Amino acid sequence: MTSHQTTQTMKPATAAKKLGVYLEATPAEFQEGVVSRSELNALQADPPEWLQELRLNGPHPRPVVASKLGISISGLARGGITEALTTEQIEALKTESPEWLQQERATQAAVRKEAVRIKERNAQRAEQSGDQRS
């Protein structure tokens, strides 16, 4: 039995997500075709001008917007942000620092702090259970 390897392809939406760009802002030829794994790797290794421009100025997809603002995607929705934003719009939000953004940043900080606490607790438990087995 011989094995033949098929080229792994993905939909443009998946490729855009992996590249961290907003699909609707990509060129039409990117949106209409399929992207192979090797093409994705080439785009990541040596991004064309359009990809560099999108990453720099946007519009950015919600996960990137949330990351740049230091909040969760759910926090974006609670703040009424449902659309992709440009880098300029994100910077304006940071400068304005509306109350909802301050609140969501505090929530995100609390979530991260709790995650660290749980990780430390679990590590301590694992260490203690290891000591009991010795």
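Residues numbered from 1 in each chain as written. Predicted model: local features only at pLDDT ≥ 70, side-chain atom pairs only at ≥ 80, totals over all residues. Heavy atoms only, no water.

Caption draft 1: Highlighting unusual backbone geometry. Residue Gly-58 is joined to Pro-59 through a cis peptide bond whose omega torsion reads 5°. On the secondary structure map, Pro-59 appears in the loop between α4 (49–57) and α5 (62–69). The residue Ser-97 is not glycine, and still its phi comes out positive at about 45°. Summarising the element assignment, Ser-97 is placed in the loop between α7 (87–96) and α8 (99–133). Assessed through its relative accessible area of 21%, Ser-97 is described here as partly exposed. (Helix = DSSP H or I, 4+ residues; strand = E, 2+ residues; numbered from the N terminus. Buried < 20%, exposed > 50% of the residue type's maximum accessible area, 1.4 Å probe, protein only.)

Caption draft 2: Region of the structure containing the nonpolar core. The biggest cluster of nonpolar side chains holds eleven residues, and these are Met-10, Ala-15, Ala-16, Leu-19, Val-21, Phe-30, Val-35, Leu-40, Leu-43, Leu-51 and Leu-54. When residues of this core are traced back to their parent elements, those giving at least two are α1 (12–19), α3 (37–45) and α4. Of all the elements, α1 adds the most residues to this core, at three residues. Discounting chain neighbours no more than four positions away, the residues touching Leu-51 are Leu-19, Val-21 and Leu-43. Counting residues in hydrophobic clusters, the runner-up holds ten residues, among them Val-65, Leu-69, Ile-71 and Ile-90. (Core = buried A, V, L, I, M, F, W, Y, C linked by side-chain atoms within 4.5 Å. Contact = heavy atoms within 4.5 Å.)

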